[in-house]
Each structure stands twice: as structure tokens, then as C-alpha cells.
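These are the residues of each chain, in order.
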Amino acid sequence: MNIKDNIKTAKGEIKPDLVVSGDVLSVFSGEVFKADVAIKDGFIVGVGDYHSDKTYETDGVIIPGLIDAHMHVESSFLKPVEFSRAVIPHGTTSVIADPHEIANVAGSEGVKYLSMLSENSLTDFYFMAPSCVPSNRQLETYGGEINHQDIREMLSWDNVIGLGELMDFEGVLNQNPDIISKLEVASGSKIDGHSPGLTGNRLNAYLVSGADTDHENITPEEVEEKVRKGMKIILREGSASRDLTRLVGSVTQKNHSQFMLGTDDLDPTDIQERGHMDHRIKLSNENGVPPEIAVKMATINTAQHYNLDIGAIAPGYKADIVVVDSLRNMNTEAVFKDGKLIWKDGFKVNINSTEKIETKSYVEIPEINPTDLEAPPEGEEARIIDIKPNKIITEQSIAKVGEKGLPDPERDIARAAVIDRHGKGKHIGLGFVRGFGIEKGALASTVGHDSHNLISIGFETKEMVRAINKVRENDGGLVVSVDGETTSLPLPIAGLISDLTYQAVAEKLQQVRKEADRLGIKIEHPFMKMSFLSLPVIPEIRLTDYGLVDVNENKFTNLWIE
């Protein structure tokens, strides 16, 4: 960037490289006004009256490129370049990405690998260094590990802008030496929070650590307390966790600068069917948030929080620009990235997805027999993991074994198994889950938060074994087994990410989901829902490869009750 030339262009002494002309939304004042947006060397240098040899005129509204405030690209099963292919048509030009999924499998090498894959992406990836890898050393087998020295190195990378979600809030409150050393390394950087249900003095203590965002919020009252104490709230609308409509009522004219929009974990078919950040803006509109404020929550609020030079149509900001038909409809007309038109009724630039960076296999599943997955009764009652619609929290219930025993399709209680896939032993945790509606067959997957051990649910152990064997054959991925046949989406990159195009992944995922319907499953995203069964840092009860976990007590609990 030539500062002198940009100043001259802003003054009108040099013609801009491009002028985008039409109604402009100011995210600072909330006004929409007619103006020319002057672009030079990839930056906006003026908003006013300008002329150029190259002009884009529109009857729509010119807004900043949209920003996802918190996401895990691995949850889309897509390489970063393919993720860009999915979201650019919806106006998303930047994301704040926490790569802790691949870090939990492959450590800092996994983060470096994902960072390299993002270099050719049209969407800008701003990474947060994973803070809690593994999320819990005592309760599950893990593959990767990130220590404070790894974090120090990552924070020196150009595309790493802070410390990722600080999930171990109990470790913070108890001044765990490992957590404290990471916080000391990250001092002065942005630190993302993760503190579901935390209130009062315990919340105060957590905030002292420097964590100042949260996407894990359960009630409006919790949101309002966190905002009152200075936290930025990321209203999450993902595939498994859809919190926005429940919590967006907390946004007001006085506090809206404290809110951002994020997806966390998003299935690519969700992008295909609903959209990306554009959908979250529309959803906010539908739930009472004025459109100009909704756009702010997906642009300048996030950019200012993370100290980025994006998120506004104003002099000095990067020329990441989206043209939409209206602020309410949010239908994308055109997308400019770094001042260049990259999408209008299709991509205007080539997307190179053919480059491959070699990586080793991270899927080592032991041989499993049907008897390994049986849980003979050791009491008259059993603890059941109850899943909740559109939430990742679970609840514990108690079920009598009864004459038919467990599992029991009539009570919607299925088998669940979590198996070490990191090659560290034949560790198998067994339990029961209710809420999937599964009547026959089995699911299996190497996507299981946070350590990504293999998870399987089903009724017939032989179908579960068949699904597990297919996962092993595919070197990771999602599998449905029903009536002796399997359908799958292979995920050969760390057992988390596909090497296929966005369209191919979405197509295979639709096929897998269609087969899952044959099992009786009524959940829209069953694999994503299943992936959270093993997450031992979110209440209330979880299953890891070591056994059943009482999250509130941070300890194992017995499956059977005598």
C-alpha cells in the first residue's frame, strides 16, 4: 500500500482503482446514504463523490464483508478453500477460527497444517491459538496436546490473533498451573471465553483471567449479567446448537455493541440450505433486531473487538464489500475481496482446491467385536444421557432395566460407545442415550468433541461393529450401517476433514443423512448431535472412552444403579 497515493486518491487527485456506487450502510451511525466508495490498492480510501475508469453501480445496499465471530472450520468437514467456496456467495469474507478440533488430534502440527491450507482461501482466516488441548486429561484419551510454549509460537504467526476459547473455567478458578502459564503467555492478546452457567463471583474471577467473549450461554439472565460485566456475547446459531432466537432478545439499543454473531459448528448442508452469516442477520431481524444493528453484529462489532481493519465501509478499512438487495432480505448481489470483484452470479476468480499437503493417518481404531459393545446389567436401573433439541447440553435421567432390558427402542434408549482412536489402547466407554429416535442400525464417526475419539450409537452390536469397521477402512469419517449395508462420508484429513469439494461433501452428507432416516432418526443433524455426547466440559452427563462422566462433579459415575 502506497500511503501517499492513497491520500491523493482520497483527495480526488488520483483516480481510484474502482468505485462502487449506490446506497451505503454506515455501521457507525446506522444510516443508509448514497455515495461512491473509492478503492485503491485493496483499501477503501473515500466515501463521497468519486470517479474511476472502473465503476460498479448498484440499486442494492453496500455493506461490509460479513464476519463469523467464532467457528471451527473442521466442523464443516471442508478444507478452508472449500469452505470459502461455500460461504463467499453468502457474503462472508472473514472468520475467527479456533482450530482446536484438529489440535486435539494432531497438536500444533495439526494447527500448522490447517493454517497452511487456509493460505489459498478467498475467505480470510484469523486463527485463535487453542487454549485447552486436551480439554480434560483425566477423563478421556486424547491425541494432541498444546502447551504454553506452543501457544507462544502460534501467537507469533501472522494469522493468529489471540487465545482460543478458555473452556477449562474450573482450571482458571482453581489457578491450575498449566492454565495460568498459558494465560501469562497470552497476556495482552485477545482471549475467547467459554463459561456456560457461570455467574456471580465465580464469573468475576473468570473475567479477571482476561477472557472477554462467550458463545456458551444458557439463559437471557446469564447473557445480561455477562454484558453488564463487560463481556462480548457471541450469539451462536450452529447446526447442533441454535441459541440465537432464545437469546437475541437481550440485544438493546444501549448494549448492541456488546454482541456478535457466530456459528461455532456448522454442517455444510446447513450453509447450502439456509446460508451463512446472511441467515443469522435475517434471523436477528425476524426476532426484533433492527437490520442495521444486525449487520453491525456480523461486521464492525467483531472487527473492533479483535482489532481488525475490516468490518466497515469507511476510509482506511480493507475493501471487503458485499452488495445486497436489502438489509432485511440479505440476498447477495456481489462480493468484493481486497477491492476486487470475486463473486456475482458465480465466482469471478479461480478457486484452486487441487493442491494437497501430505499428512499422516491419525486414525488407529482397535479391533472391536460385538461383545465389546455389550453392557450387561449390573443393577436394576441405569443412568441415561438425554439429549436436548437445538442444544448441546445434556441431562441425566434414570431408567429401569425392565423385562426387555436395555437398550429399548420403545423408550427411545439406544446403545452408545466411545472408543479410543488414537492408538493408545483398547479403551471403550459404554452407555445409553435417549432422544435420537433410532430404531435399528447404527451410526459411527471419528468426529467426537473434543478429543475426537470414535463414537457409535445403535441397537444391534453387529451393526455398530460394521459401521466402526467402515470408519477404519475409510481412515476416518461418518458411517451409517443399516440392514447389513453401509453409507459413508470419508474424512481422511485427521479423521475430521474431507479432501473433496464443497459440493461433493454436501452431496455425500445428504446421502448419509438419508440413510440415517432409515434408522428412524428424526434429528436434522444426527452426526453433529452425536459428536457432542463425549464432550466432558459441557453439562450435564457425557460418555468418553473411559466411561460415563458427571460433568458437574468432573468425575466418573457408574452406569448402573443397584
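Residues numbered from 1 in each chain as written. Predicted model: local features only at pLDDT ≥ 70, side-chain atom pairs only at ≥ 80, totals over all residues. Heavy atoms only, no water.

**A closer look at the overall build of the chain**
Scanning the chain from N- to C-terminus turns up 16 helices and 27 strands. Counting only C-alpha atoms, the chain reaches 85 × 50 × 45 Å along its principal axes. Expressed as a percentage of its 562 residues, the buried residues of the chain come to 63%. Contacts in the chain between residues at least 24 apart in sequence constitute 69% of all its contacts with a sequence separation of at least 6. Carbon and sulfur atoms form 45% of the exposed surface of the chain, whose accessible area is close to 21000 Å². Within the chain, one finds 59 positive and 87 negative side-chain charges whose respective centroids are separated by 1 Å. (Helix = DSSP H or I, 4+ residues; strand = E, 2+ residues; numbered from the N terminus. Buried < 20%, exposed > 50% of the residue type's maximum accessible area, 1.4 Å probe, protein only. Contact = heavy atoms within 4.5 Å. Areas by Shrake-Rupley, 256 points an atom, 1.4 Å probe, with all protein chains shown as cover. Lys, Arg positive; Asp, Glu negative; His and termini not counted. Charge placed at Lys NZ, Arg CZ, Asp CG, Glu CD.)

**Quick look at the environment of Lys 282**
Along the chain, the position of Lys 282 falls in helix α11 (residues 277-286). A C-alpha to C-alpha distance of 6.2 Å links Lys 282 and Arg 328, two positions 46 residues apart in sequence. Once residues lying within four places of it in the same chain are set aside, the contact partners of Lys 282 are Arg 328, Asn 329 and Met 330.

**A word on unusual backbone geometry**
Here the residue pair His 449 and Asp 450 is connected by a cis peptide bond, since its omega of -5 degrees sits within 30 degrees of zero. On the secondary structure map, Asp 450 appears in the loop between β20 (442-445) and β21 (454-458). Residue Glu 540 is reached from Pro 539 by a cis peptide bond, and omega for that bond is 15 degrees. In this structure, Glu 540 sits in the loop between α16 (526-531) and β24 (541-544). For Phe 77, which is not glycine, the phi dihedral falls at a positive 65 degrees. Taking the relative accessible area as the measure of exposure, Phe 77 reaches 5% and is therefore buried. We note that His 452 has phi near 60 degrees; this positive angle belongs to a residue other than glycine. Note on placement: His 452 falls in the loop between β20 and β21. In this structure His 452 comes out as buried when scored by relative accessible area, which is 1%.

**Section: the domain arrangement of the chain**
Buried accessible area, meaning the area lost when the parts come together, often serves as the stated size of an interface. For the chain, the assigned domains read domain 1 (1-63 + 313-345), domain 2 (65-310) and domain 3 (377-561). Spacing between the C-alpha centres of domain 1 and domain 2 amounts to 28 Å. Contact with domain 1, which involves 21 residues of that partner, is made by 24 residues of domain 2. Both sides together, the interface formed by domain 1 and domain 2 hides about 1900 Å², and carbon and sulfur atoms give 66% of it. By the criterion of area lost to domain 2, the three top residues of domain 1 are Val 27, Arg 328 and Met 330, representing 27% of everything that side buries. Seen at the junction of domain 1 and domain 2, the total is two salt bridges. The closest approach of N and O atoms between Lys 337 and Asp 124, which form a salt bridge, is 2.7 Å. Put simply, domain 1 and domain 2 have seven residue pairs in polar contact (both at pLDDT 80 or more) between them. (Domains from an automatic or database assignment. Buried area = accessible area lost by both parts, 1.4 Å probe. Salt bridge = Lys/Arg side-chain N within 4 Å of Asp/Glu carboxyl O. Polar contact = N/O pair within 3.5 Å; in protein donor to acceptor, adjacent residues only side chain to side chain.)

**Some remarks on the environment of Tyr 142**
Following the sequence through the fold, Tyr 142 ends up in the loop between β7 (124-129) and α4 (148-154). Given a relative accessible area of 18%, Tyr 142 falls into the buried group. Put simply, Tyr 142 and Asp 545 are 403 residues apart on the chain and 9.8 Å apart in space, counted from C-alpha to C-alpha. Not counting the four nearest positions on each side in its chain, Tyr 142 is found in contact with Asn 104, Pro 134, Arg 137, His 422, Lys 424 and Ser 451.

**Regarding the layout of surface pockets**
Reported here for the largest pocket is a volume of approximately 590 Å³. Asn 136, Asp 168, Glu 170, Gly 171 and Asn 554 are the residues nearest the centre of the largest pocket, which is lined by 26 residues in total. For the lining of the largest pocket, the secondary structure elements donating two or more residues are α5 (169-173) and α6 (177-185). For the lining of the largest pocket, a count of residues per class yields eleven nonpolar, nine polar and six charged. Built from parts of two domains, the lining of the largest pocket gets at least three residues from each of domain 2 (65-310) and domain 3 (377-561). (1 Å grid on protein atoms, 1.4 Å probe; cavity = no way out; pocket = protein on both sides within 12 Å on 5 of 7 lines; lining within 4 Å. Points joined across faces, edges and corners; volume = space filled by probe spheres on them. Nonpolar A, V, L, I, M, F, W, Y, C, P; charged D, E, K, R; others polar.)

**Here's the deal with helix α2 (residues 80-87)**
Burial analysis of α2 places eight of its eight residues in the buried class, which makes it a mostly covered element. Summarising the contacts, the buried residues of α2 are in contact with β5 (66-71), β6 (92-97), α3 (100-117), β7, α10 (268-274) and α15 (502-517).

**Re the pairing of β6**
For β6, the buried fraction is high: six of the six residues fall into the buried class. As paired strands, β5 and β6 are joined by four bridges and run parallel to one another. Bridge assignment links Met 71 to a residue of β6, and that residue is Ala 97. Following the backbone out of β5, through α2 and into the adjacent parallel β6, one traces a crossover that is right-handed. Two elements, β6 and β7, share four bridges in a ladder whose sense is parallel. Each residue of the ladder has a partner; that of Ile 96, found in β7, is Tyr 126. (Pairing = 2+ DSSP bridges. Right-handed = clockwise from strand over helix to strand, strands pointing away.)

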